Amino acid sequence: MPEGVIPLQSSRPDAAGAEVSAAGAERPAVEFRDVEIAYGKFVAVRDFSLSIAKGSFVTLLGPSGCGKTTILRSLAGLVDITRGQISIGSRRVDDVPIYKRNIGLVFQNYALFPHKTVFDNVAFGLKYRNVPKADIKRKVGQALDMVRLPGSEKKLPSQLSGGQQQRIALARAIVFEPEVLLLDEPLSALDANMREEMRVEIKKIQRETGITAIFVTHDQEEALSMSDRIVVMNAGSMEQIGTPQEVYETPQTAFVADFLGKANMLAGTVSVADGNSATVDLAVGQTVKVATPRPLGVGSAVTVVVRPQKLSVGPAATTNRLSGRVVSTSYLGGSAIYEVDLGGTTVRSNTPISGTVVREGEAMEVGFDPAGCVLLDESGRRIS
Ligand code: ATP
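What you see is a predicted model; the values in this text were computed from it and never measured.

Each value, and the rule that gives it
The residue count restarts for each chain, going from 1 along the sequence in the order it is written. In view of the model being predicted, local features appear only for residues whose pLDDT reaches at least 70, and side-chain atom pairs are presented and counted only at 80 or more, with totals across whole chains, interfaces and linings using the full set of residues. Hydrogens and waters are ignored; side-chain quantities use all the structure's heavy atoms. Every helix listed is a DSSP run of H or I at least four residues long, and every strand listed is a run of E at least two residues long, numbered separately from the N terminus. Axis lines are fitted through C-alpha atoms, for helices just across the contact stretch, and the angle between N-to-C directions can take any value from 0 to 180 degrees. Each angle is binned into one of four classes, with values under 35 degrees roughly parallel, values over 145 roughly antiparallel, values of 65 to 115 roughly perpendicular, and all other values oblique. Rotating anticlockwise by less than a right angle from the far helix to the near helix defines a left-handed crossing, while the corresponding clockwise rotation defines a right-handed one. Whether two residues are in contact is decided by their heavy atoms, any of which lying within 4.5 Å being enough. If a single non-hydrogen atom of a residue is within 4 Å of a molecule or strand, that residue counts as near it. Counted as a polar contact is a pair of N or O atoms within 3.5 Å, where, for protein atoms, one must be capable of donating a hydrogen and the other of accepting one, and residues adjacent in sequence contribute only when both atoms are in side chains. Computed with a 1.4 Å probe, the accessible areas rest on the Shrake-Rupley method; for each residue, only the protein chains presented here act as cover. Strand pairing requires that DSSP identify at least two bridges connecting the strands. Between the first and last residue of a helix there are one fewer steps than residues, each counted as 1.5 Å, and that sum is the expected span. Residue exposure (1.4 Å probe, protein chains only): buried if accessible area is under 20% of the type maximum, exposed if over 50%, otherwise partly exposed. One speaks of a salt bridge when a side-chain nitrogen belonging to Lys or Arg is within 4 Å of a carboxyl oxygen belonging to Asp or Glu.

Peer 1: Can you tell me about unusual backbone geometry, naming the residues and giving the values?
Peer 2: Note: most residues except glycine have negative phi, and most peptide bonds are trans. Even without being a glycine, Asp34 presents a positive backbone phi close to 45°. Position of Asp34 relative to the elements: it lies in strand β3 (residues 30–39). We note that Ala235 has phi near 45°; this positive angle belongs to a residue other than glycine. Considering the arrangement of structural elements, one finds Ala235 in the loop between β11 (229–234) and β12 (237–242).

Here it is, written out as structure tokens:
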């Protein structure tokens, strides 16, 4: 296997969607190998290698302009690659035209034909493939059942809500049983409630059909809640790949820590170190003890990364207590988000509350378990 190719070949999703090893090496549903994509002289994607197991749900996550859509478009055949290879199943497709790639596409803006009925919109890909009329009727009916809009065949897109239009777009994309389903920010035009409902819906349909799905978003919650694997992109390159839990709990770089979930980053210097723990003098003038995966050098610069959920407050802050002052309080029912100024650096805690809510301006202690953090070195990479 060439270097840089993630070895998913021997895995496939089980019934619950987790990837499990298979004895026989199964071909990935999609494979990018050392792909580069340039627009003129500007390289938008570089050294991109990724294998996607059949039936899995993979999300490309990253800020605007990092190359997510470009990668998706290259798989669909809407943009040419300048280096590397792309395969769908056993077929190399980088020179195959879009209409021969057997891919279902869903975009942010529905892209339904406004003057065609729901039936004609959904039937489009089937008619194009010369499917017999009776089969078209049956398949369209099944697809509409799947997206929970049965009996809507005669309606026009304008008679449907945004969420319903997006369901029709989904039905249109899956009705011809494509090998891969590509979803480019399909939820961003919807309101918050509808977005959450559609997240669950899309995931359910993907599981039921067993289709391989690649989803593009800049919304970390969408990525964390829907994906089997998340590919975090930064400036045209893959920054990290892993399960939602892996990328959230063990970010490999400062970029991933920061982009995924508003991590608290506390800069400091190691003042005492033994085999598997170290004392860090923080720039905010306070000291913490952290577990370390290997002995660290005294005097080395580190950043202690603590997730808001791992930063306890008040009496619950039993270890690594840091004193500060509350600068903002957001009460959320059973939990609260506090922003606490530790003396020049503001940290965020998002934990269940017991007792009274602490108000802005009041003193507060925060704390975290020595093992409840990730350490980054001077270059922003995880110390492992
Ligand atoms: P967004 O979330 O904003 O859609 P993205 O991560 O999907 O961002 P891309 O649309 O893939 O990013 O764009 C990656 C980079 O390539 C950006 O810098 C963008 O300006 C540039 N780019 C995209 N399309 C073209 C094009 N047709 N011509 C020139 N540059 C382009």
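Moving on, there is more to tell.
Peer 1: Give a detailed account of the packing of helix α2 (residues 118–128) against helix α4 (residues 162–174), specifying residues and quantitative values.
Peer 2: Two elements in contact, α2 and α4, have axes separated by 7 Å at closest approach and are oriented at 30°. As judged from the angle between their axes, α2 and α4 are roughly parallel. Judged by the sense of rotation from one axis to the other, the crossing of α2 with α4 is right-handed. Note on element contacts: α4 touches α2 through Ile168, Ala171 and Arg172, opposite Val118, Asn121 and Val122.

Peer 1: Now, about the site of the ligand: what can you tell me, with residues and values included?
Peer 2: Taken together, Tyr39, Phe42, Ala44, Pro63, Ser64, Gly65, Cys66, Gly67, Lys68, Thr69, Thr70 and Glu185 make up all the residues around the ligand. Side-chain polar atom of Tyr39 to a nitrogen atom of the ligand: 3.5 Å apart, as the coordinates give it. Interatomic distance of 2.7 Å between a backbone N/O atom of Gly65 and an oxygen atom of the ligand. Considering the ligand on its own, with 630 Å² of exposed area, one finds that the protein chains cover 57% of that surface. At the level of elements, β4 (42–52) and α1 (68–76) are the ones that each hand at least two residues to the shell around the ligand.

Peer 1: Report on the sheet that holds β3, specifying residues and quantitative values.
Peer 2: If you walk across this open sheet you meet the four strands as β4-β3-β6-β7, and the pairing is antiparallel. The open sheet has two edge strands, β4 and β7 (91–92), and neither has a second partner. Two strands pair when backbone bridges link them, and β3 and β4 are joined in this way by seven bridges, in the antiparallel orientation. Bridge pairing links Ile37 to Val45 in β4.

Peer 1: Quick one: what's the story with α4, residue by residue and with numbers?
Peer 2: With 13 residues, α4 extends 19 Å from end C-alpha to end C-alpha; this agrees with the ideal 18 Å at 1.5 Å per step. Most of α4 is tucked away: eleven of the 13 residues are buried. Among the residues making up α4, those that are buried are Gly163, Gln165, Gln166, Arg167, Ile168, Ala169, Leu170, Ala171, Arg172, Ala173 and Ile174. Tucked inside the fold, the buried residues of α4 contact β8 (103–106), α2, α3 (133–146), β9 (180–184) and α5 (192–209).

Peer 1: Describe the pattern of salt bridges, naming the residues involved and giving the relevant values.
Peer 2: Taken as a whole and judged by the stated rule, the model has 13 salt bridges. We note a salt bridge from Arg148 to Glu201, for which the minimum N-O separation is 2.9 Å. With Arg148 in the loop between α3 and α4 and Glu201 in helix α5, this pair connects stretches of sequence that are 53 residues apart. In this structure Glu201 comes out as buried when scored by relative accessible area, which is 5%. The closest approach of N and O atoms between Arg167 and Glu197, which form a salt bridge, is 2.9 Å. Here Arg167 is found in helix α4, whereas its partner Glu197 is found in helix α5, with 30 residues between them in sequence. Relative accessible area serves as the criterion here: at 38%, Glu197 is assigned to the partly exposed category. Three or more residues joined by partner-sharing salt bridges are found here, namely Arg148, Arg167, Glu197 and Glu201.

Peer 1: Describe the pairing of β3, with residues and values.
Peer 2: The side chains of a regular strand alternate, residue by residue, between the two faces of the sheet. Most of β3 sits out of view: seven of its ten residues are buried. Connecting β3 to the next strand, β4, in antiparallel fashion are two residues, including Gly40 with a positive phi near 60°. Inspection of the sheet shows β3 paired to strand β6 (residues 83–88) by five bridges, in the antiparallel sense. For Glu31, the partnering residue across the bridge sits in β6 and is Ser87.

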